[in-house]
Amino acid sequence: MNANSNNIILGANQYGKAEVRLVKITRDTDRHEIEDLNVTSQLRGDFADAHLLGDNAHVVATDTQKNTIYSLARDGVGSPEAFLLRLADHFTGSFNWVSGGRWAAESYAWDRIQAHGTGHDHSFVRNGQEVRTAVVVKDGPATHVVGGLEDLTVLKSTESGFVGYPKDKYTTLAETTDRVLATDIAARWRYNPSAVGALDFNKAYDDVKALLLEGFTESYSHALQQTLFEMGKKVMAAHEEIDEIKFSMPNKHHFVVDLSPFGQNNPGEVFFAADRPYGLIEATVLREHGSDAGNAWDGIAGFC
């Protein structure tokens, strides 16, 4: 046996059921409602014996976690954040060795199919505009709620430029004061824990999304970094309950195609949309004296 084996100990750990696909259809009237989520449950607590001794006495089976998600959905989802808070309360309240955990969801929107001039009662078409995200992290008495979205693709065809950057022998990019600015917005915002109990998460989400889109349109963009910050500032100015917002935004380059070989001009109308490589702009906008984030961001892959 290695002489140093006694110095090897168990570190932080969690476990659970990942990506439980849940579709809840409410059919208490002839006009149905649909909620479509991808839910992950991960528990934290006293699981040392399972790792060190193979003793599963404290291991709430991942299949049990899956079934709990479906069972709690029977009473309704409401909003991803509210549903995750219910899961957190259930697991920490039902098993005294579960001290906390991390519960995450993606939410997919559906619109009613328009038929004969009106939205159909029970036929839907998937809304592909963006994916809504939510995370609840519970650690003893502390609970953090993070809302978000990803894959919200936006483009402005003018009022953007990029000049004044340093140049060396490797620089080939020409300065421009008129370019296409396009990106896929991924954003997550952390609510102040003291405000969570009174929040309408669905209303807050709709408003944050609208403000992000509005912020993208406003003013001339000297760089995607500037636009990102202005978007975050706009959201936080309108929502005192949000203490922090993180962004990850690729710069989806659009290059003007040279049509001169074909005897044509191209006054910024025909572009090659390059999918890679791309610039990747990431930043956090936060309140200087906001609430402590604690471990709210633990386990979130990438910047946000």
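Residues numbered from 1 in each chain as written. Predicted model: local features only at pLDDT ≥ 70, side-chain atom pairs only at ≥ 80, totals over all residues. Heavy atoms only, no water.

## Observations regarding the pairing of strand β1 (residues 15-26)
Line of reasoning, step 1. Bridge analysis of β1 against strand β2 (residues 33-45) gives 10 bridges, and the strand direction is antiparallel. Paired with I25 across the two strands is I34, which belongs to β2.
Line of reasoning, step 2. Count of turn residues in the β1/β2 antiparallel hairpin: 6 residues. (Pairing = 2+ DSSP bridges. Helix = DSSP H or I, 4+ residues; strand = E, 2+ residues; numbered from the N terminus.)

## With respect to the sheet that holds strand β9 (residues 242-251)
Line of reasoning, step 1. If you walk across this open sheet you meet the 8 strands as β1-β2-β3-β6-β7-β8-β9-β12, and the pairing is antiparallel. Looking at the sheet topology across the chains shown, the edges are occupied by β1 and β12 (279-286). Looking at each pair of strands side by side, their axes are set apart by 15° on average, direction ignored.
Line of reasoning, step 2. In terms of strand pairing, strand β6 (residues 131-139) meets strand β7 (residues 142-156) through 9 bridges, oriented antiparallel. The partner of D139 across the bridge, within β7, is A142.
Line of reasoning, step 3. On top of the sheet, helix α3 (residues 80-94) reaches β1, β2, β3 (98-108), β6 and β7; it is set at about 25° to β6, its chief contact. (Axes fitted to C-alpha atoms, helices over the stretch in contact; angles between N-to-C directions. Contact = heavy atoms within 4.5 Å.)

## Brief notes about α3
Line of reasoning, step 1. Compared with an ideal rise of 1.5 Å per residue, which puts 15 residues at 21 Å, α3 spans 21 Å between its outermost C-alpha atoms and is within 8% of the ideal.
Line of reasoning, step 2. Those residues of α3 not exposed but buried are P80, E81, F83, L84, L85, L87, A88, F91 and T92. (Expected span 1.5 Å × (residues − 1). Buried < 20%, exposed > 50% of the residue type's maximum accessible area, 1.4 Å probe, protein only.)

## Side note on the nonpolar core
Across soluble globular proteins, you tend to see nonpolar side chains buried next to one another.
Line of reasoning, step 1. With 51 residues, the main nonpolar core has F83, L87, I185, W189, L212, I245 and F247 as its most contacted residues.
Line of reasoning, step 2. A per-element tally of this core places helix α4 (residues 201-217) first, with 7 residues.
Line of reasoning, step 3. Beyond its immediate chain neighbours, meaning those up to four positions away, L212 contacts L149, A187, W189, M231, V235, I245 and F247.
Line of reasoning, step 4. Membership of the second largest hydrophobic core comes to 8 residues, among which are V146, A293, W297 and I300. (Core = buried A, V, L, I, M, F, W, Y, C linked by side-chain atoms within 4.5 Å.)

## Things to note about the packing of α4 against helix α5 (residues 224-238)
Line of reasoning, step 1. Contact pair α4 / α5: the axes reach a minimum separation of 9 Å and the direction vectors enclose 140°. Judged by the inter-axis angle, α4 sits oblique to α5. The element α4 and its partner α5 pack so that their crossing is right-handed. For the pair α4 and α5, the contacting residues are V208, L211, L212, E214, G215 and F216 in the first and T227, M231, K234, V235 and A238 in the second.
Line of reasoning, step 2. For the contact of α4 with α5, the class distribution of residues is 7 nonpolar, 2 polar and 2 charged. (Parallel < 35°, antiparallel > 145°, perpendicular 65-115°, else oblique. Left-handed = near helix turned anticlockwise from the far one by under 90°. Nonpolar A, V, L, I, M, F, W, Y, C, P; charged D, E, K, R; others polar.)

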